[in-house]
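# Working through the structure, step by step
Each chain is listed here by its residues.
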Amino acid sequence: VRVALFIACFNDTFFPDTGRATVEVLERAGCTVDFPEEQTCCGQLHINTGYPREAARLARIQLRALAGAEAIVTPSASCAATMREHYPGLVGESPPVHELCSFLVDVLGVEDVGARFPHSVAYHPTCHSLRTLRIGDAPLRLLGNVRDIELIELPDAETCCGFGGTFSVKNPDTSTAMLADKIRRIGETGAEVCTAVDNSCLMHIGGGISRLRAGVRTMHLAEILAARG
Amino acid sequence: MSFPNAAAIALRDTQLRHNLARATGTIRARRAAVVAEVDDWEAQRDEAARIKDSALLDLDRQLERLERTVSAAGGCVHWARDAAEANATVVKLAADAGGGEVIKVKSMVTEEIGLNSALAAVGITAHETDLAELIVQLGEDRPSHILVPAIHRNRTEIRDLFEAKLGESELSTEPSALTATARRYLRERFLRVGVGVSGANFAVAETGTICVVESEGNGRMCTTLPHTLITVMGIEKVIPRLTDLGTMLPILARSSTGERMNPYTSLWTGVVPGDGPQAFHLVLLDNGRTDVLADRLGRQALRCIRCSACLNVCPVYERTGGHAYESTYPGPIGAILAPQLSGMREHNSLPGASTLCGACYDVCPVKIEIPSILVHLRSRVVDAGKAPRGERSAMRALARILSSRHSYEAAQRAARLGSLTPAQRLVAPLSAWTASRDLPAAPPQTFRRWWREHRA
């Protein structure tokens, strides 16, 4: 299967390890990965902040960059959700984009990518993966097949972490209150690692954990799937 | 005050945080349990949304039909363009009926128009008879939830309030004892006062029947005991047929209180000689609603049946409470309704009071796409020139940078050299992030650089 990787500007700039892990996992699952280099940003920030015209311009650029790809895979559920949910209204079409885990499980039928990760892990289902893309338990199926992993259920897992893009800086107090509760729940699990399918949420959660010196690390799920332990 | 500032104050109230977390958690669990019992819940949501839309997209004719059927049954219909007109109508009707007092069924719309103050201004006392509304009224407080107006108060606070305001002493904090106290206080008023004021959950165009649902029985007292009954309803409350209630009533009960059916459902049609109120007035209120109807997406907000399920699941509401919204309608529905009802002149920070997490849409019994409408209203705020200073030019500049691979890669190089990315610099002061969160350091190599060196 030939796939085009949409890395997401955020991952490209701040979390390149997630991108490398995504390529590794896709190749292990038998895919040939292209990276169309004209891609930039899906426009999510502009849409969600109230700038649809600017977002439409960015959407058209991504559609052009990704044109011809039969399947587009991204390690960012919120960018995939943006393309699926908002592109039809903005520019009249939506590309065949998939979030990584849901592509592996629901499209390829792959639930074991041969990973080994000997650590305890709590999985936070991000809002866009859960309630927009509705990828269900695809991430948990993949994690369940990782060797030597100890999966610990996160209480109130489906509650938003409080990031919300510009919400995190326009409503910093409320965002922090939500984050405090999320970090408390993560702490209750005693897990070494908190994982998710969106680095934006993880940057928020991880930024809070780091500030508190709470002794847990955040890691994108693709990096766990790429790990050989 | 803008939502972020009002929320910052509310968030410091630790008692409020505990009261809300406990109360919303309880209602959430109850709702989830009774919704899980229903096999065709999704089909019921579709049907409820369809019923509301069928009335809203035909609103002029449905309302005129309602006027005809109510009048034919002996009621009197009044049209009110805005809050001032509605208040003037009710004030005049109550004054003409005499007595200087009215008893009230819990109603959001009379809160919206500020009816109690309008009545007080001419010397008419309004008695709230819903227990929670009574708590709010006695405490000279404001409601903070659509269904549970005193959700921000716990039992101990209510006990203290009753002791201070109702002349009670050594009251226990048991709900039954508190309710009995309120009941003694209210019964005397039910029997004495000759004018009742209510809102409406539904009004049936086909028959002229008004429907009010409640849990305490106080509403039925107010709609049956007085000689005069005045109902104020937003024009979006009309539904076409009596049989539509078969869908709307159970979906409302399950969504709001987490019950299979609410304890009291009152239906009345005009006036029946010798039985109940002998004068019935229906005030149809616009107050911005036809403007909301003009917005293709935003009009979905008029489907709302005030169940408050969206408040109970909202992670923002659960932490800030309702007062921070500074509008009659708080929570996710308030964030889309309040600015629209004001013609986008007020409440401009409310569309931003959400992470767009989507929990509200998932529980909405009439499938209002709240996250999409929030996003839409954010753009209307921008178009109205009400965005924060400098945001528009910053967002445009950022879009230009992201519009070509060339300028995007140049910005990435700048970020790696330690300067902030434009996005970080432009949308808010950096301190808004770093006050509570560390920022990750930019890595030495971007993904695309690695790809070019190793894979391309």
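Presented here is an overview of the structure given in this document. (Residues numbered from 1 in each chain as written. Chains lettered and ligands numbered in written order. Predicted model: local features only at pLDDT ≥ 70, side-chain atom pairs only at ≥ 80, totals over all residues. Heavy atoms only, no water.)

### Section: the overall build of chain A
Helix and strand counts for chain A stand at twelve helices and eight strands. On the principal axes, the C-alpha backbone points of chain A span a range of 45 × 45 × 25 Å. For chain A, the share of sequence-separated contacts (at least 6 apart) that also reach a separation of at least 24 residues comes to 77%. Of the accessible surface of chain A, which amounts to about 7,900 Å², a share of 47% is contributed by carbon and sulfur atoms. With 21 positive and 27 negative side-chain charges, chain A shows a spacing of 4 Å between the two charge centroids. (Helix = DSSP H or I, 4+ residues; strand = E, 2+ residues; numbered from the N terminus. Contact = heavy atoms within 4.5 Å. Areas by Shrake-Rupley, 256 points an atom, 1.4 Å probe, with all protein chains shown as cover. Lys, Arg positive; Asp, Glu negative; His and termini not counted. Charge placed at Lys NZ, Arg CZ, Asp CG, Glu CD.)

### Some points on the side chain of Thr69(B)
Residue and element names in this part refer to chain B. Within the element layout of this structure, Thr-69 appears in helix H4 (residues 59-72). There is a polar contact of 3.1 Å between the side chain of Thr-69 and the backbone oxygen of Leu-66. Other than its neighbours up to four places away in sequence, Thr-69 contacts Val-204, Ala-205, Glu-206, Thr-207 and Gly-208. (Polar contact = N/O pair within 3.5 Å; in protein donor to acceptor, adjacent residues only side chain to side chain.)

### Looking at the packing of aromatic side chains
Scanning the entire structure with this criterion turns up ten aromatic pairs over all chains. Summarising the aromatic geometry, the rings of Tyr317(B) and Tyr325(B) are spaced 6.3 Å apart at their centres and angled 35 degrees between planes, so their arrangement reads as tilted. We classify Tyr317(B) as buried; its relative accessible area is 0%. Look at Phe447(B) and Trp451(B): their rings are 6.2 Å apart centre to centre, the planes differ by 40 degrees, and that puts the pair in the tilted class. Of the two residues, Phe447(B) and Trp451(B) both sit in helix H23 (residues 447-454), four residues apart, roughly one turn of that helix. The same class applies to Phe447(B) and to Trp451(B), which are both buried. Grouped by ring-pair contacts, the aromatic residues Phe35(A), Phe447(B), Trp450(B) and Trp451(B) constitute a single cluster. The ring of Tyr361(B) is capped by Arg45(B), whose NZ or CZ atom sits 5.3 Å from the centre of that ring. (Phe/Tyr/Trp six-rings, centres within 6.5 Å; stacked < 30°, edge-to-face > 60°. Buried < 20%, exposed > 50% of the residue type's maximum accessible area, 1.4 Å probe, protein only. Lys NZ or Arg CZ within 6 Å of the ring centre and 35° of its normal.)

### Looking at the sheet that holds strand S8 (residues 238-239) of chain B
Here four strands make up an open sheet; going across it, the order is S8-S5-S6-S9 (chain B) and the pairing mixed. In this open sheet, the two edge strands, each paired with only one partner strand, are S8 and strand S9 (264-269) of chain B. (Pairing = 2+ DSSP bridges.)

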